[in-house]
Amino acid sequence: MESKTSPLADVRVLELAGEVGSCAGKMFADLGADVIHIEPPQGDPARRYQPFYKDVPSTEGSLEYQYFNTNKRGMVLDITTEEGKEIFLKLVKTADILIENERPGYLDQLGLGYSQLSAVNPKLVHVAITPFGQDGPYKDFPQSDLVCMAMGGFLYLAGKDDEKPSRAYGDQAYMMGSLYAAMGSIIALYHAEATGEGQFLDVSMQESVSTALENAVQYYDLEGIIRRSLIGAEAGYGTYPCRDGYIFVMAAMGKNRYLWDPFVDWLIEDKIEGAEVLRGDEWLDPLYRRKEESVETFKKIVEPFLMNKDKLFLYEESQRRKCCVFPVSSPKDVYNNPQLQYRKFFKTMYHEALGGEIHYPGPAYDMTEMKWELSKPAPVFGQHTSEILQELGYTPDQIAVLVKGGVVVVKEDAA
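Conventions we followed
Residues numbered from 1 in each chain as written. Predicted model: local features only at pLDDT ≥ 70, side-chain atom pairs only at ≥ 80, totals over all residues. Heavy atoms only, no water. Helix = DSSP H or I, 4+ residues; strand = E, 2+ residues; numbered from the N terminus. Buried < 20%, exposed > 50% of the residue type's maximum accessible area, 1.4 Å probe, protein only. Contact = heavy atoms within 4.5 Å. Areas by Shrake-Rupley, 256 points an atom, 1.4 Å probe, with all protein chains shown as cover. Lys, Arg positive; Asp, Glu negative; His and termini not counted. Charge placed at Lys NZ, Arg CZ, Asp CG, Glu CD. Domains from an automatic or database assignment. Polar contact = N/O pair within 3.5 Å; in protein donor to acceptor, adjacent residues only side chain to side chain. Expected span 1.5 Å × (residues − 1). Bend = angle between axes of the 7 residues up to and from the residue. Pairing = 2+ DSSP bridges. Right-handed = clockwise from strand over helix to strand, strands pointing away.

Draft legend 1. Focus on the overall build of the protein. Regarding its fold elements, the protein presents 18 helices and 12 strands. Considering only C-alpha atoms, the protein reaches an extent of 85 × 50 × 40 Å along its principal axes. For the protein, the residues scored as buried account for 44% of the 415 residues in total. A separation threshold of at least 6 residues defines the contact pool for the protein, and within that pool the share at least 24 residues apart is 69%. On the protein, roughly 21,900 Å² of surface is accessible, and the fraction owed to carbon and sulfur atoms is 54%. Each charge sign in the protein was given a centre, from 42 positive and 62 negative side chains, and these centres are 4 Å apart.

Below, the structure written as structure tokens:
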């Protein structure tokens, strides 16, 4: 490790995972753990994902790969060969945590399952992230992020009434699986350090997604109600267009007045035509607000008001007026957000192999005693293979034989 002052500097994590589990490894790496990202000879599939740095496809240019692999060391190793298995077992002896996303039973077939790995390292925390878990009728079914989002119930929740489900951009199920994998593995690591006993963590992405449904499943279990989004189904609660995008207006919640009245006052002060209609007590009744006629009336009055204003003005002015109106931020808005800029959320790091700087999202937490740091960019293909093999005791001649046999790949100037 480069910095022995890092809080997790004495923790080694082996990451045998690509797009599904790389975020879990990143959380350890950014806090200083020695995370070794192990790629097959054909490379991490994420290296081929768009967008690329300056829109030029290359092995090192995928921005997704760059983001999820900061601060890691990289090794290219074919664990399907006998020599590769031997190297992997030697690495496991030195590791605290293994994060992998192979299909259930695959590592057992290679002789690298938990029973074999725990035999060489009883303290090992072995974390397996799969779509449906290690057992059950669906355990061998193929997957994608969309499958996990749908099977976990999140896709259905993101829609109202009889409308089609709506999927958020990006691999949200993979991220949820990674977050629970990181959380579970750090808990298991504490257990291992206290007892000397490692364990196997079975992380199901379907279950990870299902935990994000708030109380939707309980509503069905207890009351037989199938919940969906209420956005737009009720006057005063939904997304509306404004001059530069969309704004969310939450002027109504139950039979309250504290959200409704200040918003209507604002409309009246702005001399919005028809706004006085919204003064009526009937608008405090959720059933009245859910009538189609009410939804249309509210929309007809409010939209001309919103279309004359920018979303940031609407948000800041609503705060002054104690209203609940907030912007629907695009990625551009997030990047330029004054709060995030003030807190220096986005970090910049120079990448030598790319010959330029990359901007990265920072941590979602800020600890007073533990330092989160971007110290090095994602490893280039085979960058640390030779270095790691030498740490395991391999000589340059032995490494050359492994390279020639296709067991490992070594970056040329790192050999």
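Draft legend 2. Layout of the domain arrangement of the protein. According to the domain assignment, the protein contains domain 1 (12–214 + 342–409) and domain 2 (237–328). Just the C-alpha atoms count here: the centres of domain 1 and domain 2 sit 45 Å apart.

Draft legend 3. Region of interest: unusual backbone geometry. Cis geometry marks the peptide bond from Gln 50 to Pro 51; its omega dihedral reads 0°. With respect to the secondary-structure elements, Pro 51 resides in the loop between strand E2 (34–39) and helix H2 (63–68). If you check the backbone angles, Asp 55 has positive phi at about 60° while not being a glycine. Among the structural elements, Asp 55 can be located in the loop between E2 and H2.

Draft legend 4. The side chain of Ser 185, seen in detail. Among the structural elements, Ser 185 can be located in helix H8 (residues 172–195). Exposure remark for Ser 185: the relative accessible area of 0% places this residue in the buried category. Side-chain polar atoms of Ser 185 contact the backbone oxygen of Ala 182, separated by 2.9 Å. In contact with Ser 185, other than residues within four places in its own chain, are Phe 28, Ile 97, Val 125, Val 127 and Leu 201.

Draft legend 5. Broad picture of helix H13 (residues 292–307). In this model H13 runs 22 Å from its N-terminal to its C-terminal C-alpha over 16 residues, within 8% of the 22 Å that 1.5 Å per residue would give. A bend of about 30° at Ile 301 is the largest found in H13, and the proline Pro 304 appears one to four places after it.

Draft legend 6. Local environment of the sheet that holds strand E1 (residues 12–16). The seven strands are arranged E6-E5-E4-E1-E2-E3-E12 in an open sheet whose pairing can be described as mixed. Lying at the two open borders of the sheet, with one neighbouring strand each, are strand E6 (199–204) and strand E12 (408–409). Two elements, E1 and strand E4 (residues 97–100), share four bridges in a ladder whose sense is parallel. Bridge pairing in E4 links Leu 16 to Glu 100.

Draft legend 7. Quick look at the environment of Ala 235. Secondary-structure assignment places Ala 235 in the loop between helix H10 (216–223) and strand E7 (237–242). Note: C-alpha distance between Ala 235 and Phe 52 (183 residues apart in sequence) is 43 Å. Setting aside its immediate chain neighbours within four residues, Ala 235 contacts Tyr 240, Ala 252, Trp 260, Trp 283, Arg 289, Ser 294, Val 295 and Phe 298.

Draft legend 8. How the structure looks around the pairing of E1. Counting buried positions along E1 yields five of five residues, so the element is predominantly enclosed. Residues of E1 alternate between two faces, with Arg 12, Leu 14 and Leu 16 on one and Val 13 and Glu 15 on the opposite face, all of them buried. Relative to E2, E1 runs parallel, the two sharing four bridges. Among the inter-strand pairings, Val 13 is bridged to a residue of E2, identified as Val 35. Handedness of the crossover joining E1 and E2 through helix H1 (residues 22–29) is recorded here as right-handed.

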